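# A look at the structure
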Amino acid sequence: MRYPPAFVLKRLILLLMIVWTAATLNFFIPKLTPRNPLREKLLEDASRGGYIPPGFNEMVQGYEKKFGLDQPVWKQYLTYMGDMARFDLGYSISNFPKTVGELIGEAIPWTIGLLTVTTALAFLIGTLLGALIAWSRSPSWLNYLVAPLLTLSAIPFYLLALILIYFVAFQWKLLPLGGGYSFGIVPSFSAAFIFDVMKHAILPALSIILASTGGWAIGMRGMMVTVQGEDYMTFAEAKGLKPRRLFFRYAVRNALLPQVTGLALSLSFIVSGSVLVELVFGFPGIGTLLARSVGQLDYFLIYGIVFIIIVAIGVAMFIMDMIYPLLDPRISYE
Amino acid sequence: MDRLQGVLRYIRRNPALGAGIGILLFLILFSVIGSFITNPQDAYPLAAPASKPPSAEFIFGTDGQGRDLFAVAVAGTWLTIRIGLIAGVIGVTIGTVLGFTSAFYGGWFDIVVRWVVDVLLTVPGLLVLIVIASSLGDKAVDINGMALIIAMLAWMGPTRTIRSQVLSMRERPYVMMARLNGMSGLSIIFRELIPNLLPYLGASLVGSTNGAIFASIGLAALGLGPLRDPTLGVTIYWVMNQGAFVRGMWWWAAVPISIIVLIFVMLFLISAGLDELANPRVRRTV
Amino acid sequence: MNDNGYVLRVENLDVQYHTDAGTVYANSQVSFNLKPGERLGLVGESGSGKSTLALAILGMIKPPGRIGGGEIWLENTDLVKLPEEAIRQVRGRQVSMIPQGAMNSLNPVARIKDQLIDGMIDHELGLSRSEMNRMVREALEAVELDPQVAQMYPHELSGGMKQRACIAIAIAMNPKVIIADEPTSALDVVTQRQVMQTIGHLQAQLGSAVILIGHDMGLMAQFVDRIAVMYAGKLVELGSVKDTFTHPMHPYTQMLISSLPRLENKGTFNGIPGITPLLREIPTDCVFNSRCPQAIPICMQRVPKLLEHRPNQWAACHLYQSEEN
Ligand SMILES: Nc1ncnc2c1ncn2[C@@H]1O[C@H](COP(=O)(O)OP(=O)(O)O)[C@@H](O)[C@H]1O
Ligand SMILES: [Mg+2]
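Residues numbered from 1 in each chain as written. Chains lettered and ligands numbered in written order. Predicted model: local features only at pLDDT ≥ 70, side-chain atom pairs only at ≥ 80, totals over all residues. Heavy atoms only, no water.

### Observations regarding the confidence of the model for chain B
Residues and elements named next belong to chain B. We count it as follows: Known as pLDDT, the predictor's per-residue confidence is scaled from 0 to 100. Working rule for contacts: check all heavy atoms of both residues, and any pair within 4.5 Å makes them a contact.
On average, chain B scores 85 in pLDDT, and the residues at 70 or more come to 96%. Contacts of residues 282–286 to residues separated by more than four positions or lying in other chains number 7 contacts, the stretch itself having pLDDT below 50. Listed scores for the predicted complex are pTM 0.87 and ipTM 0.90.

The structure is reproduced here in structure tokens:
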């Protein structure tokens, strides 16, 4: 393989720094505020005469011992980092005795499923569409797509989600309003359940795909215009290549490189956007879990989710950085 | 007069910029004229009968809690743009200072700045803001406080852009000439670099403002930050929270969504236009 | 029809670009012919329409450009009338191009070998893999490149090597006509000479006809049989190297020759005083009249035709027209 050690090392350090930053922010930001989430929760529950699950008080004591005010901050920080390194994210306050890890584990397959499928589809469709729009041999009516694509690319996912819900689910009643699957169906690997899940996933997926296809198409169109002006396109045509090869192997192949870089850079944007889409649909993924934890002031859950999402983005970026040299032979020599 | 004509002529060649500025002017006019003909109090609950569809009296209708949605639209447009602009201006200011110092002094400082920017750009700002806002609680911050918090994460993009532009401009002949002629660092920056950087500064401002508005609406939609003020994001929050669709109140959602879409399309067009201004495309698609 | 033994015959070719700023008449009434194995040099200042002529012969004029009229006969086919798919089969196989900017003329993400082979595949030569590999090796050897270059990417090659790779691609399928558009303008002087020698050898070996476009009259004189001089989209003089250098006919050519550095008459052509006309309208007079020191009244009134004023020496100039009439 053509991976020079310096390249891999730099990306690895970047990944570690991202994880470290995420953990550190999670540790210090709450410290900067005068609040104590556990105390507040206990007080709130006590004032409501609420039920305190068994073991909760022990958990609180254990927590205070580790992170209480009697410990110096640096020691708390080290303890916290140790926990994070073991992915020990603690207990959920409002779902005790469930741990944050368990809750995230239940939600994350939904999100990963939704995000990988939609991002891959949007990237492929958008890139191909943009390439075709810019290709000089394409029919000129394709240019009429530019304005709608531009508009779509400027609209945040969740607004499109609201619009789709209103028309498709509410007015025309074609698809369910939200959730991951219908009430009363037991999750299993049956055809009926999978079909039900698909039906619920169409609208969230469509919101993400529609909104991000526009962006990829517009970006690719710009790159294709640039690439078609390159000398190697003229020379390739002078070789007598067939239009199909000129398009895929020369123009698209080269215009794709910045698109892939763009994909890596926009991961965090895509994730933020889809958190809100999940919330709009009540899709049982990590975004809805996050919204719920915000509503319940379940701080450990909030911090845990944020940490895991950032780590996931870092890992995805790392993977894409490792894929890129396979696409661009020049990279390893820079 | 000549100048104005020049600008108009340029805009004909750069329709994206023209359309973007047009929408911006429309939004400004809307909120300025609107503020004369509405009572700001009407944007708060119980100012009007609840759940009325658009009519002659309430042209945008009223929401489920008795806000006049026209007043909400007027106040919300302005508040949302204001959050975006405050955060954007602060972000670009920090970014410009950091970008310049980093590019000019290089060395360790530059390395640190670059790494911090690389790392923070990977971290979704919205998530960090969620941590901050939820730790602070809803009562601790007002709209301006929110803008400041968002500004803390709006400087990385501008830093990266300005740094790379300064690095490339430093090598260009006119800067070299100025240096050979003994101009000082500061006057090179102000006389030679800033004017050439203006389109990039503009694009950075638009980018940061865009990110800030996106974040502010996202936070509000999650129910974080000040929920009392009638921003567009807060309106979206109530739409989802109060089941506007289930109650058939399409206008409740249509008002904030239309304005938000207009704002984002406007920002997109302006940034595309500024991009064209900075790197005029020699070859145009036919 | 074409029984007169020419491999390429261009007749009254007009090419225009229709831009927002107006129409550019980049080639007007261009005519010349080329025998098999002949080497023709095409000189003219930048913007005079040389590349346009090359692209027209390859059938690669694109909007906003358009061939307004004329014929381009490759043996017995008029390329102007061929449909796109048919002209594609001509490109690279019968008429090939050595590009101007060797630095960026190769696909940066493909190996040299693949860039040689894909042409062979698309021309449906019906070759097996191993035959194509052999052709790749031969083409690289012909341009004096190590066979290992086949496995390399463009960024691993030096400028001279890239230009050789481009030449290998251009000659791989043994074309009848090779058009080299300023093939060495991006290279240093030493490499320039080496590359030109390679082109010279190959041309002699393959027996292809060559159109060599350039502005270095000195370099050109050593490699071509005839020289065509282009000015503002028109051919103004066409003749053997010896005739053109010893007694140029057109005043523009005369100025070009006399502006060369004296030493052995070689060196770079730097243009002559005056402004190049913008080619913005169909000429109704001599395009050179405003810069011509010998202009006579008729030069302001009529377009001179390219005529054979001396044996095998053609010029488009009214100064000789009277002798003809
Ligand atoms: N794609 C194009 N669009 C518009 N004008 C063009 C285009 N290509 C060439 N031209 C114009 O045609 C004229 C001849 O150009 P060219 O054939 O490239 O000249 P040369 O190769 O001799 O430098 C120039 O005035 C140039 O501006
Ligand atoms: Mg040229």
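### Comments concerning the interface of chain A and chain B
Our working definition: Buried area: the sum, over both parts, of the accessible surface (1.4 Å probe) that disappears when the two are put together. N or O atoms within 3.5 Å of each other form a polar contact, as long as, within protein, one can give a hydrogen and the other can take it, and as long as residues adjacent in sequence are counted only when both atoms are side-chain atoms. In this description a helix means any DSSP run of H or I spanning at least four residues, a strand means any run of E spanning at least two, and both kinds are numbered starting from the N terminus. In the scheme used here, Gly and all other residues not listed as nonpolar or charged are polar, with Ala, Val, Leu, Ile, Met, Phe, Trp, Tyr, Cys and Pro taken as nonpolar and Asp, Glu, Lys and Arg as charged.
Facing the 50 residues of chain A at the interface are 41 residues of chain B. Across the chain A to chain B interface the summed buried area is about 4200 Å²; carbon plus sulfur atoms make up 82%. On inspection of chain A and its partner chain B, the count reaches 2 residue pairs in polar contact (both at pLDDT 80 or more). Put simply, the parts of the chain that give the side of chain A that touches chain B at least two residues each are α1 (5–32), α6 (146–154), α7 (157–171), α8 (191–228), α10 (243–281), α11 (286–295) and α12 (299–327) of chain A. The biggest single contributor to the side of chain A that touches chain B is α1(A), with 10 residues. Residues of the side of chain A that touches chain B, tallied by class, amount to 36 nonpolar, 11 polar and 3 charged.

### Some remarks on the interface of chain C and chain A
We count it as follows: A pair is scored as a salt bridge if a Lys or Arg side-chain nitrogen falls within 4 Å of a carboxyl oxygen belonging to Asp or Glu.
Tallying the contact residues gives 29 residues for chain C and 24 residues for chain A. With both chains or domains summed, chain C and chain A bury close to 2400 Å², and 56% of this area falls on carbon and sulfur atoms. Of all residues in chain C, C:V109, C:D122 and C:H155 give up the largest surface area on contact with chain A, accounting jointly for 23% of the area buried on that side. C:D122 is paired through a salt bridge with A:R245; the nearest N and O atoms lie 3.1 Å apart. Applying the counting criterion to the chain C and chain A interface returns 14 residue pairs in polar contact (both at pLDDT 80 or more). For the side of chain C that touches chain A, the residue count by class is 12 nonpolar, 9 polar and 8 charged.

### Looking at the site of ligand 1
Residue and element names in this part refer to chain C. Our working definition: Near residues are defined by distance, with any heavy atom within 4 Å of the molecule or strand qualifying the residue. Only the protein chains shown count as covering a residue, and every accessible area follows the Shrake-Rupley method with a 1.4 Å probe.
With respect to spatial proximity, 13 residues lie near ligand 1, and among them G47, G49, K50, S51 and T52 are the closest. In this structure, an oxygen atom belonging to ligand 1 sits 3.3 Å away from a main-chain N or O atom of S48. Protein coverage of the free-state accessible area of ligand 1, which is 560 Å², stands at 65%. Those elements giving two or more residues to the shell around ligand 1 turn out to be β1 (8–19), β2 (22–34) and α1 (50–57). With 3 residues, the top contributor of residues to the shell around ligand 1 is α1. A per-class count over the shell around ligand 1 returns 4 nonpolar, 7 polar and 2 charged.

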